[in-house]
Amino acid sequence: MEIKIRKTPTKERKAKPRDESKLGFGKVVTDHFFNIKYKEGKGWYHPVIEPYRKLQLDPTAMCLHYGQEIFEGLKAYRGPKDEIYLFRPMENIKRMNVSAERLCMPQMDEEIFLEAIKKLVILEKEWIPHGEGTSLYIRPTMIATEAALGVHPASEYLFFIVAGSVGAYYPQGFAPTKMYVSEEYSRAVRGGIGHIKAAGNYAASLYASRIATNMGYTQVLWLDSSEKRYVEEVGTSNIFFVIGNELITPPLAGSILPGVTRNSVITLAKHLKTKVVERPISIDEVIATSKNGSLKEAFASGTAAVVSPVGHIHFRGKEYSINGGKTGVLAEKLYNEILQIQYGLKADPFGWRVKIFDGKKTARK
Ligand SMILES: *Cc1c(COP(=O)(O)O)cnc(C)c1O
C-alpha cells in the first residue's frame, strides 16, 4: 500500500516557532498529518499525508459516545549532524495494536505504521527544533467513526498521526515534583483498560488530578484500586523507587501502562549494574523507608520527561520528602544516558535508536 503525499502549498504553511525556549508541550502542530481509513470487509484504505485540517465527524460517530479511542506518544530527535532519530518506535507500534485489540478495534499493519511515521517526520523535519532536549512529538491516534448509536464495536475507523514541536522538559535543570496520594479515586482496575493507552483512562484521572493540583501538587500517585495499598503509577508515568541499593518498580499486573521508558530504565539500570526488582511496593513501605532514610530516590518515567524526580509525597495529610526534595544520582544518571542515546550523542548498545534521515557530514555548532 502506497502512502500518497499531498503537500501544503508553501504560502499556506505556518510560521515555525521562533523562540524554542517557549515551545512548551502540545501547543504547536506541523503543516501535515497522516491518515488512513478502515471499513469492515474492506480493511484499511486511502493512506495519505495531506495538509493539516479539521476532521469531519458525524455527531453519532461512535468514538464520541462509547470511547473507542486509543493513542500513542513518541518523539523524533535531531542529532548533532542534523540526522533524525526515532526511539524504539516498534514498541509504540506494537503497544498500539495491543490497545486496539483490547477495545475491539482493527490492527494496524506494523510496516505501514512505521512508514507513515517516517514519511511524516521527514516531510516535517524543519519542525524538529534544534535546542537541547527539544524534539518533535508524534501522536498516532485511532477513533471509531461509524455513525450509529447503540453500544457495539464500530465497523469504521480513522487512524491518524499528527506531530508537533515540543520544548525541553527541563529548560532550567531538573525540577523535582510533588506527588499527592489519592486513596479515594482510582485510575484503572485490574481487568480494565489501565494497561493500554485508551482515552478513557485519562478522563478517569482528571478529577483526582484536579484535587492534587488545587492542593499544590504536581500529580497523583495512584494506588491499586482494590486494596488502596500498592503503588501503581504517577500521573501518566511509571514510578521507580531506590531503597537501599535496589531500584524497585511495581510489576505490570494489568492496571499499569507498560511504558517504553520504564522498560528502557530497567534495561539501562541493569546494564549499569544496579539491582532492579519488579515487585509490589506498598505506600506504607514508601512512607516507612522515607522516615528511616533508606528511601534514597523516587522518580517517574515517560516519553515526555524521560525521567522525572519526585521530591515530596503527600499521604493522609502529611508531606514526606525524598532525598531532601532533590534529584537523586541514579535518576540523573539514567536521564542523561537515555537522552544521549536518543539524540545520537553516544553509542547505543541496545539498538534502540532508529536513524530515519542522514543529515549532513559535519557536525553543526
Ligand atoms: C504513556 C504512559 C506512560 C509512559 O509510557 P512511555 O511509553 O514511557 O511514554 C505511563 N503511564 C501511563 C498511564 C501512560 O499513559
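Reading guide: rules and limits
- Residues numbered from 1 in each chain as written.
- Predicted model: local features only at pLDDT ≥ 70, side-chain atom pairs only at ≥ 80, totals over all residues.
- Heavy atoms only, no water.
- Helix = DSSP H or I, 4+ residues; strand = E, 2+ residues; numbered from the N terminus.
- Rg over C-alpha atoms; globule rule 2.2 N^0.38 Å.
- Contact = heavy atoms within 4.5 Å.
- Areas by Shrake-Rupley, 256 points an atom, 1.4 Å probe, with all protein chains shown as cover.
- Lys, Arg positive; Asp, Glu negative; His and termini not counted.
- Charge placed at Lys NZ, Arg CZ, Asp CG, Glu CD.
- Near = heavy atom within 4 Å.
- Polar contact = N/O pair within 3.5 Å; in protein donor to acceptor, adjacent residues only side chain to side chain.
- 1 Å grid on protein atoms, 1.4 Å probe; cavity = no way out; pocket = protein on both sides within 12 Å on 5 of 7 lines; lining within 4 Å.
- Sits in = over half its atoms within 2 Å of the grid points.
- Expected span 1.5 Å × (residues − 1).
- Bend = angle between axes of the 7 residues up to and from the residue.
- Buried < 20%, exposed > 50% of the residue type's maximum accessible area, 1.4 Å probe, protein only.

**Some remarks on the overall build of the protein chain**
Moving on, step 1. Within the protein chain, the regular secondary structure consists of 7 helices and 18 strands.
Moving on, step 2. In terms of overall size, the protein chain behaves like a compact globule, its C-alpha atoms giving a radius of gyration of 21 Å where 365 residues would be expected to give roughly 21 Å.
Moving on, step 3. Projected onto its principal axes, the C-alpha coordinates of the protein chain cover approximately 60 × 60 × 35 Å.
Moving on, step 4. Residue pairs in contact within the protein chain that sit at least 24 positions apart in sequence constitute 71% of those at least 6 positions apart.
Moving on, step 5. Put simply, the protein chain shows about 17200 Å² of open surface, and 51% of that area lies on carbon and sulfur atoms.
Moving on, step 6. Positive and negative charge centroids in the protein chain, built from 51 and 39 side chains respectively, lie 5 Å apart.

**Points about the site of the ligand**
Moving on, step 1. As a structural note, the neighbourhood of the ligand is formed by 14 residues, with Lys197, Tyr202, Glu233, Thr261 and Thr303 the closest of them.
Moving on, step 2. One nitrogen or oxygen atom from the side chain of Arg95 is found 2.8 Å from an oxygen atom belonging to the ligand.
Moving on, step 3. Within the side chain of Lys197, one N or O atom sits 2.7 Å away from an oxygen atom of the ligand.
Moving on, step 4. Judged by the proximity of its atoms to the pocket grid, the ligand belongs to the largest pocket.

**A short note on helix H4 (residues 199–214)**
Moving on, step 1. For H4, built from 16 residues, the straight-helix expectation of 22 Å at 1.5 Å per residue is met to within 8% by its first-to-last C-alpha distance of 23 Å.
Moving on, step 2. Where H4 bends most, at Leu206, the angle is about 40 degrees.
Moving on, step 3. Listed in full, the buried residues belonging to H4 are Asn201, Tyr202, Ser205, Ala208 and Ala212.
Moving on, step 4. Residues of H4 that are buried make contact with strand S4 (69–71), strand S9 (177–182) and strand S10 (219–223).
Moving on, step 5. Residue Gly216 follows H4 closely and has a positive phi angle near 90 degrees.

None of this, on its own, says anything about what the molecule does.
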